[in-house]
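Residue-level structural notes
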Amino acid sequence: MFNSPYLKRVYQDLLTKSGHEPEFLQAVNEFLASMDLLVDSDPEIERLGIIERLVEPERMIIFRVPWLDDQGKIHVNRGFRVQYNSAIGPYKGGIRFDRSVNQSIMKFLAFEQTFKNALTGLPMGGAKGGADFDPVGKSDNEIMRFCQSFMAELYRHLGENTDVPAGDFGVGAREIGFMFGYYKKLKNEFTGVFTGKGLSYGGSLVRPQATGFGVCYFALEMLKDLRNEDFTNKKIIITGSGNVGSFCAVKAKALGGKVIAMNDISGMVYDEKGLDVDLVVELKAKHLNLDAYAKMHPQVKFSHNLKDIWDIPGDLVFPCATQNEIGMEEAKKLVDNKTLLVCEGANMPTTNEATQYLLEHGVLFAPGKAANAGGVATSGLEMSQNAMRFSWTFAEVDQRLKDIMKNIYQNVYQTSLKMGQPGNLVVGANVAGFLKVYEAMKAQGVI
Ligand code: NDP
């Protein structure tokens, strides 16, 4: 919680306006809880209305997305783009297609993205977008028609110096290809307006792997620095096995860990001897689920209840699926199972209450805002390569990614020390991200 009367007032006003947006309120609440000390020591923050401005997106675009299915029936979805904050660079943030998408989820993601992007050290503002469209079970043609209809509205709000989207939940290489292609047709120009593009049309090596790899690089820095430990022989548990989860598994194994359990919507697989992580990547590339893995490896334990994963003891736990996967029940199990580290690959997978519980019980905790910034950082590298019309090698991009994750860790950790809360990286990430955005907002006047 926060004690500053200023923060309380801002939050009260927000409750009045956005009381129906639980995820957004949760993200703001977590952020404000890190701000007390700063707000007390710098009256300019209140005088300039910085927090009021930060809890209000600069712009929100909400639009109708009509599309035709393969049977000739018309469906209508709701599209969103939240252009949250452009103080330090053009808006940047992924697009999510999932039936759960709504204004609250879009705003929380865009709010967090603003500080995450600031932490990368690259000039990128914060945004997020998406639609309540469920890609599951849709044909390639249906996906294409949906992406084109989505882009028919969104294209006018994008631009390489204005707003540069990327993928997220439900939006991978196929969807980016369709959206980029349609943008190019409508604008009649070939610019780096999307990241996560295919290699043949301006994508960057390592971008597909970047979030998952970056999560492991961050966790490694933290383990080395705070516990003199690494991944060797550690039992690893990963939730979600999509883009972030599957490449997190690949890197965790490469660093010497043993990935013993993963889940997805179909259920959970568990193998004490270690899962075949390359097979998980292969299956996901074919849009297949872990139940297919279990059929190919009958010796593994498979449960349709994906929550069974929380009963398995592991040393390093990477929630890489979705928001609020870890509540108090799961946090208690993690503490009982003597988990060494929880490192968030997903955005806000841990509730505020559960985060607090883990921190109080000595579990190393890496917040997504910092730990999963490797994806957007590599998107920033893709934008640089596009601007230079040049491509770096896999090793060059990977090295830059490692350096960025190391710098983020150091910045966040040092900030936690300055705030008098050593090792509390939630506070470290919120304050370090805020300070960069604040400086830029102060310099740019009231806009
Ligand atoms: P994907 O769509 O590629 O993968 C999501 C995975 O989570 C899928 O395996 C899906 O199962 C699974 N899943 C969905 N809901 C649940 C659930 N309730 N429990 C367990 N598994 C579940 O998305 P991403 O990997 O791209 O994104 C995952 C998270 O990481 C999101 O929070 C996203 O915002 C965040 N993130 C992503 C970045 C990126 O670069 N992609 C960057 C930074 C953060 P199934 O395969 O069966 O559908």
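One can find the structure itself at the top, above this paragraph.
The rules we used
- Residues numbered from 1 in each chain as written.
- Predicted model: local features only at pLDDT ≥ 70, side-chain atom pairs only at ≥ 80, totals over all residues.
- Heavy atoms only, no water.
- Helix = DSSP H or I, 4+ residues; strand = E, 2+ residues; numbered from the N terminus.
- Rg over C-alpha atoms; globule rule 2.2 N^0.38 Å.
- Buried < 20%, exposed > 50% of the residue type's maximum accessible area, 1.4 Å probe, protein only.
- Pairing = 2+ DSSP bridges.
- Axes fitted to C-alpha atoms, helices over the stretch in contact; angles between N-to-C directions.
- Contact = heavy atoms within 4.5 Å.
- Salt bridge = Lys/Arg side-chain N within 4 Å of Asp/Glu carboxyl O.
- Near = heavy atom within 4 Å.
- Polar contact = N/O pair within 3.5 Å; in protein donor to acceptor, adjacent residues only side chain to side chain.
- Areas by Shrake-Rupley, 256 points an atom, 1.4 Å probe, with all protein chains shown as cover.
- Core = buried A, V, L, I, M, F, W, Y, C linked by side-chain atoms within 4.5 Å.
- Domains from an automatic or database assignment.
- Parallel < 35°, antiparallel > 145°, perpendicular 65-115°, else oblique.
- Nonpolar A, V, L, I, M, F, W, Y, C, P; charged D, E, K, R; others polar.

1. Concerning the overall build of the protein
If you tally the helices and strands in the protein, you get 18 helices and 12 strands. Against the compact-globule benchmark of 22 Å for 447 residues, the protein has a radius of gyration of 21 Å, which places it among compact chains. Reported as C-alpha extents along the three principal axes, the dimensions of the protein are approximately 65 × 55 × 45 Å. Counting only residues that meet the buried cut, the protein has 58% of its 447 residues in that class.

2. Points about the sheet that holds strand β8 (residues 267-270)
Strands sit in the order β9-β8-β7-β6-β10-β11-β12 across an open sheet of seven strands; the sheet is mixed. The two strands at the open ends of the sheet, each matched to only one other strand, are β9 (301-303) and β12 (364-366). Each adjacent strand pair in this sheet contributes to an overall mean axis angle of 15°, direction not counted. Bridge count between strand β6 (residues 235-239) and strand β7 (residues 258-264): four bridges; the pairing is parallel. For Ile-237, the partnering residue across the bridge sits in β7 and is Ala-261. Running over the sheet, helix α10 (residues 243-254) touches β6, β7 and β10 (316-319) and is turned about 175° from β7.

3. Re the pattern of salt bridges
Per the counting criterion, the structure on display carries 24 salt bridges. Put simply, Glu-112 and Lys-369 hold a salt bridge, and the shortest N to O gap is 3.6 Å. Here Lys-369 lies in helix α15 (residues 368-371) and Glu-112 lies in helix α6 (residues 103-119), a separation of 257 residues in the sequence. With respect to burial, Glu-112 and Lys-369 carry one shared label: buried. Among the salt bridges present, the one from Glu-221 reaches Lys-224, with a minimum N-O distance of 3.6 Å. Placement of both Glu-221 and Lys-224 in helix α9 (residues 207-227) is noted, with a separation of three residues, approximately one turn of the helix.

4. A word on unusual backbone geometry
Phi angles above zero are rare outside glycine, and Asn-188 is one such case at about 55°. Within the secondary structure layout, Asn-188 lies in the loop between α8 (173-187) and α9. Look at Met-348: it is not a glycine, yet its phi comes out positive at around 50°. Here Met-348 is to be found in the loop between β11 (341-343) and α14 (352-360).

5. Quick notes on the sheet that holds strand β1 (residues 59-68)
One open sheet holds the five strands; their spatial order is β1-β2-β4-β3-β5, and the pairing between them is mixed. This sheet does not close on itself; its edge strands, each paired only once, are β1 and β5 (163-166). On average, adjacent strands in this sheet sit at an angle of 20° to one another, irrespective of strand direction. When strand β3 (residues 91-97) meets strand β4 (residues 125-131), the two strands line up parallel, connected through five bridges. Along β4, the bridge assignment pairs Lys-92 with Gly-126.

6. A few points about the pairing of β1
Bridging between β1 and strand β2 (residues 74-85) involves 10 bridges; their strand directions are antiparallel. Its bridge partner being in β2, Arg-64 is matched across the sheet by Arg-78. Hairpin connection of β1 to β2: five residues between the antiparallel strands, including Gly-72 at a positive phi of 90°.

7. Details of the site of the ligand
Arg-96, Asp-168, Thr-211, Lys-284 and Asn-347 are the nearest of the 24 residues found near the ligand. In the model, an oxygen atom of the ligand is placed 3.1 Å from a nitrogen or oxygen of the Gly-170 main chain. At 3.2 Å, a backbone N or O of Gly-242 approaches an oxygen atom of the ligand. Isolated, the ligand exposes 900 Å² of accessible area, and the fraction of that covered by the protein chains is 83%. Contributing elements (two or more residues each) for the shell around the ligand: α9, α10 and β7.

8. Brief notes about the nonpolar core
Ranked by size, the top nonpolar core spans 63 residues in total, and within it Phe-218, Phe-231 and Phe-318 carry the most contacts. Examining the composition of this core, we find that 10 residues originate from one element, α9, more than from any other. Here this core spans two domains, and each of domain 2 (59-190) and domain 3 (210-366) adds at least three residues to it. Dropping the residues within four chain positions of it, Phe-218 is found in contact with Ala-366, Ala-370, Ala-371, Met-405, Ile-408, Tyr-409 and Leu-425.

9. What about the side chain of Glu-112?
Given a relative accessible area of 4%, Glu-112 falls into the buried group. Setting aside residues up to four positions removed in sequence, Glu-112 forms contacts with Ala-27, Met-348 and Lys-369.

10. Here's the deal with the packing of α6 against helix α18 (residues 425-443)
Where α6 contacts α18, the two axes come as close as 8 Å, and the packing angle between them is 80°. One element, α6, and the other, α18, form an angle in the roughly perpendicular class. Each of Thr-114, Phe-115, Ala-118 and Leu-119 in α6 lies in contact with α18, whose residues at this interface are Ala-429, Ala-432, Gly-433, Phe-434, Lys-436 and Val-437. Taken together, the residues of the contact of α6 with α18 sort by class into seven nonpolar, two polar and one charged.

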